Every structure is written in structure tokens, then in C-alpha cells.
Amino acid sequence: MSNKTVSVDQLANEIIQAVKDYTEDVQKAIDKEVISTAAKVKKEIKDKSPRDTGEYANGWTRKTTRKNGQTTVTIYNKDKPQLTHLLEFGHAKKGGGRVSARPHIRPVYDRLIPQMEKEIEEIIKRGGG
């Protein structure tokens, strides 16, 4: 923030510009944090995924979308999407009995997302950067 002298007529414009600058800085820093956290989540899910042929573990990818100033990252399995729920929560066997759950998605989410939320709070307090 600069220390310049402005007239009363210019004050409103200066305040609006300062708020815009703050908002843009904060939004850029939040976007960077969201994308960084998504990369970590994807890597850890891939590392912790059950492996048989390796196709399921290698199928994890992420898609980043920006809409109305909000960045959203979706992490999904492009190769074996039908297995995510079955592996994460277990399932019934055809002949009876159950296949045990192998949680590998939710534990990563539960650990990394709260860290991201704390970092976003700090970004807002700092005004970006």
C-alpha cells in the first residue's frame, strides 16, 4: 500500500482500487494453494491405492476448472472409476461374504484438506501471497 495524498473526490476510487488489488492477490494465492493441495492429494491417493495390475493406481488424474472466480479441482480415476467406491468401502461377493474395505481416498482427504483450509485462512489474513 502506498502513502500518497488524494483528494476527497479521488478517495472512493482509491479505496475501490485497493480492495480490487487485495481481492486479486488473495484469489491468486488461494488458487495456488488449492492446486498445490490437489496435486498432493492425487499423488498420495495414487501411492496408497491398492495394486493388482497397477492400472487402477495409475489411473488417477485431476481436472481444474475455473468458474465465477472460483477454482475447483476434481480428482478422479479415469481408468477404473467403477472401482473407487468398491475398494474404498468394500462390497459383497457374488457367492456370499464380503470383500474388506481398503480406504485410500478418504484418509488422504481428511489429512490434507484441513491443512489447506488453515493455509487459506492465513492467506486471507495476510492479504494474499
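Structure shown above.
Residues numbered from 1 in each chain as written. Predicted model: local features only at pLDDT ≥ 70, side-chain atom pairs only at ≥ 80, totals over all residues. Heavy atoms only, no water.

1. Here's the deal with the nonpolar core
Ranked by internal contacts, the top residues of the largest apolar core, which has 17 residues, are Ile30, Val34 and Val41. For this core, the secondary structure elements donating two or more residues are α1 (8-48) and α4 (106-126). At seven residues, α1 tops the list of elements feeding residues into this core. Leaving out residues up to four positions away in the same chain, Val41 has contacts with Ile75, Val108, Leu112 and Ile113. (Core = buried A, V, L, I, M, F, W, Y, C linked by side-chain atoms within 4.5 Å. Buried < 20%, exposed > 50% of the residue type's maximum accessible area, 1.4 Å probe, protein only. Helix = DSSP H or I, 4+ residues; strand = E, 2+ residues; numbered from the N terminus. Contact = heavy atoms within 4.5 Å.)

2. Re the packing of α1 against α4
Relative to each other, α1 and α4 sit at 165°, their axes nearing to 10 Å. One way to sum up the angle between α1 and α4 is to call them roughly antiparallel. Crossing of α1 against α4: the hand is right-handed. Between α1, through Tyr22, Val26, Ala29, Ile30, Glu33, Val34, Thr37, Lys40, Val41, Glu44, Ile45 and Lys48, and α4, the contact on the second element is made entirely by Val108, Arg111, Leu112, Ile113, Met116, Glu119, Ile120, Ile123 and Ile124. Taken together, the residues that form the contact of α1 with α4 break down as 14 nonpolar, one polar and six charged. (Axes fitted to C-alpha atoms, helices over the stretch in contact; angles between N-to-C directions. Parallel < 35°, antiparallel > 145°, perpendicular 65-115°, else oblique. Left-handed = near helix turned anticlockwise from the far one by under 90°. Nonpolar A, V, L, I, M, F, W, Y, C, P; charged D, E, K, R; others polar.)

3. Remarks on the pairing of strand β2 (residues 70-77)
Taken together, the eight bridges between strand β1 (residues 60-67) and β2 define a ladder with antiparallel strand orientation. Within the sheet, the bridge partner assigned to Lys67 lies in β2 and is Gln70. Counting the residues in the hairpin turn of β1 and β2 gives two residues, including Asn68, whose phi is positive at 55°. (Pairing = 2+ DSSP bridges.)

4. Looking at the side chain of His104
Within the secondary structure, His104 is located in the loop between β4 (98-99) and α4. In terms of polar contacts, His104 uses its side chain to reach the backbone carbonyl oxygen of Arg102, at 2.7 Å. When near neighbours in sequence (up to four residues on either side) are disregarded, His104 contacts Ile45, Lys48, Ser49, Pro50, Tyr56, Trp60, Leu87 and Glu88. (Polar contact = N/O pair within 3.5 Å; in protein donor to acceptor, adjacent residues only side chain to side chain.)

5. Observations regarding α1
For α1, built from 41 residues, the straight-helix expectation of 60 Å at 1.5 Å per residue is met to within 8% by its first-to-last C-alpha distance of 60 Å. Residues Val26, Ala29, Ile30, Asp31, Glu33, Val34, Thr37, Ala38, Val41 and Ile45 constitute the buried set of α1. Next to the buried residues of α1 lie β1, β2 and α4. (Expected span 1.5 Å × (residues − 1).)

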